[in-house]
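Reading the structure
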Amino acid sequence: MSLRHGLLGLLAEGPASGYDLLKSFEISLANVWPATQSQLYTELNKLAGSGLIEVVAEGARGRKEYGITESGLAELRHWMTEVPPQQVHRSDMLLRVFFLGQITGPAARSYLRHLGEVAAKGLEELEGIQEFVESGTENLSVYGRLALEYGLRLHRTQVEWAQWAEEQIR
C-alpha cells in the first residue's frame, strides 16, 4: 500500500482538509500505514498535480479541503482490485531472534522481553481507539473494525509469543 492510496481511500469517503486527513491517519490507519505531516502534505500536492484529487474549498489561513476526482476514484478502484497486495517477507526483528545465540542468555531474554513490551504498548494503543472505531457506522468504521481486529489479534499473538520465547532461553 502506498500513502497515495490511503489518501485516495479516505477522500473517497468525502472531502477533507490535510489536517483532517492527518487525524484520520492517526486514529484509523496508523496500524496499517503510518504517515507524518510532511509526507501527507507532499503526497496531497502530488495527487493534486496528477489530477487524482482537487481543491474543493478554501478557508481561513489557507486551509484547503480536497476531494477525489473521477480519475482518483478509478485509480483507487484499480489498485484495490487489480494490483496484488505486497507481502513483505523481511523482518529485522526476526532475523535478530534467529541469531540470539550469539549474545548472552540474559541479553537474549531482555531482547525478547522488549519485543513483548513493544507489542503490549501497540495493543494498548489499539484498544484505546477500539470504542471510537466501533461506534461509527460509516464505511471507515465498518471496514476499519476489520483492520483494527487484525491489529489487535496480531499484537496479542506477538505478546504471547515473546513471553513464550523468553521462557525458552535458559
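Scroll up for the structure.
Throughout this document, residue positions are counted from 1 along each chain, in the order its sequence is written. Thresholds applied to this predicted model are a pLDDT of at least 70 for local features of residues and 80 or more for the giving and counting of side-chain atom pairs; totals over whole chains, interfaces and linings are not thresholded and use all residues. Just so you know, side-chain values use all the structure's heavy atoms and leave hydrogens and water out.

With that settled, the discussion passes to the packing of helix α6 (residues 105–135) against helix α7 (residues 139–168). Every axis corresponds to a line fitted to the C-alpha atoms, with the helix fit spanning only the stretch in contact, and the corresponding angles, defined between N-to-C directions, vary from 0 to 180 degrees. Each helix is a run of DSSP H or I of at least 4 residues and each strand a run of E of at least 2, with the numbering of both proceeding from the N terminus. Following both chains from N to C, one finds α6 and α7 inclined at 160°, their axes separated by 8 Å at the closest point. With respect to their mutual orientation, α6 and α7 come out roughly antiparallel. Note that α6 runs across α7; the crossing there is left-handed. Here the residues of the contact of α6 with α7 are counted per class, giving 14 nonpolar, eight polar and seven charged. An angle below 35 degrees is read as roughly parallel, one above 145 as roughly antiparallel, one from 65 to 115 as roughly perpendicular, and any other as oblique. In this scheme the crossing of two helices becomes right-handed for a clockwise turn of the near helix relative to the far one and left-handed for an anticlockwise turn of less than a right angle. For this scheme, ten residues count as nonpolar: Ala, Val, Leu, Ile, Met, Phe, Trp, Tyr, Cys and Pro. Four count as charged, namely Asp, Glu, Lys and Arg, and the remainder, Gly too, count as polar.

Attention now goes to the packing of helix α1 (residues 3–12) against helix α3 (residues 37–49). Between α1 and α3, the least distance of the axes is 10 Å, while the angle of their chain directions is 75°. Considering their axes alone, α1 and α3 lie roughly perpendicular with respect to each other. Residues L3, R4, L7, L8 and L11 of α1 pack against Q39, L40, E43, L44, K46 and L47 of α3. Among the residues forming the contact of α1 with α3, the class breakdown is seven nonpolar, one polar and three charged. Contact criterion: two residues are considered in contact whenever any of their non-hydrogen atoms come within 4.5 Å of each other.

Side-chain pairing between opposite charges can occur once the charged atoms of the two side chains come close. The term salt bridge refers to a pairing of a side-chain nitrogen on Lys or Arg with a carboxyl oxygen on Asp or Glu at a separation within 4 Å. Under the counting rule described, the total for this entry stands at seven salt bridges. K121 is the salt-bridge partner of E125, the closest N and O atoms lying 3.2 Å from each other. With E125 and K121 both in helix α6 and four residues apart, the pair spans about one turn of that helix. Only protein chains enter the accessibility calculation, which uses a 1.4 Å probe; a residue whose area is less than 20% of its type maximum is buried, one above 50% is exposed, and one in between is partly exposed. The exposure class of K121 is exposed, given its relative accessible area of 53%.

Attention shifts here to the environment of W33. The topology assignment puts W33 in the loop between α2 (18–29) and α3. Among the residues examined, W33 registers a relative accessible area of 29% and is labelled partly exposed. Between the C-alpha atoms of W33 and L94, which are 61 residues apart in sequence, the distance is 21 Å.

Ring pairs shown here join Phe, Tyr and Trp side chains whose ring centres sit within 6.5 Å, with only the six-membered ring taken for Trp; geometry is labelled stacked below 30 degrees between planes, edge-to-face above 60, and tilted in between. Summed over all chains, the structure comprises one aromatic pair. Each ring, one from F98 and one from F99, has its centre 5.2 Å from the other, and the planes form 85°; the classification is edge-to-face.

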